[in-house]
Amino acid sequence: AVSRGLGDALAQSCGLSARASVVEAPLREEDLILICASDGVFDVLQDAEVLRTCLPFRRARDAAGAAAAVVAVAVKGWAKWSGYRDDASCVVLFL
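Residues numbered from 1 in each chain as written. Predicted model: local features only at pLDDT ≥ 70, side-chain atom pairs only at ≥ 80, totals over all residues. Heavy atoms only, no water.

Here we take up the packing of helix α3 (residues 47-54) against helix α4 (residues 63-81). For any two helices packed against each other, the geometry is given by the interaxial angle and the distance between the axes. Axis separation between α3 and α4 bottoms out at 8 Å; the angle between their running directions is 135 degrees. Put simply, α3 runs oblique to α4. Taken as a pair, α3 and α4 cross one another with a handedness that is right-handed. Packed against α3, whose contacting residues are E49, V50, T53 and C54, the element α4 presents A66, A69, V70 and V73 at the interface. Each residue belonging to the contact of α3 with α4 can be placed in one class, and the counts come to six nonpolar, one polar and one charged. (Axes fitted to C-alpha atoms, helices over the stretch in contact; angles between N-to-C directions. Helix = DSSP H or I, 4+ residues; strand = E, 2+ residues; numbered from the N terminus. Parallel < 35°, antiparallel > 145°, perpendicular 65-115°, else oblique. Left-handed = near helix turned anticlockwise from the far one by under 90°. Contact = heavy atoms within 4.5 Å. Nonpolar A, V, L, I, M, F, W, Y, C, P; charged D, E, K, R; others polar.)

Given below as C-alpha cells:
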C-alpha cells in the first residue's frame, strides 16, 4: 500500500492499491528489535542484513542511529544496481 495510490485511477487500473497489507505477530520475550522499513530498504537488503546493521546500536539504545544506518546501507545497495534509487525509510524500536 502506498499513499500515492490514493485517487490515482490509472495506477489502480494497473493493480496499485492504497489498501495496507498488515501482518500481526505477538511479541515474544526473546524479541530484541522492532524494525519497520519501506520497500526501498527491503528491495536491496535481506532481513538478516538489516538486523546486523541495527545490532551495534542496541547497547546504547540509539534507535535513530540504527535507522539512519539501515537507510545508508540501503542507499549503497541501490547504487550497486543503477542510477535509480527508491525512497528508503526506516524506524527502529529497541524492545
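Moving on from the model shown.
Within the element layout of this structure, S38 appears in the loop between β1 (33-37) and α2 (39-42). Within polar-contact distance, the side chain of S38 engages the backbone oxygen of D87 at 3.3 Å. Here S38 is in contact with D87, A88 and S89, once residues within four sequence places are set aside. (Polar contact = N/O pair within 3.5 Å; in protein donor to acceptor, adjacent residues only side chain to side chain.)

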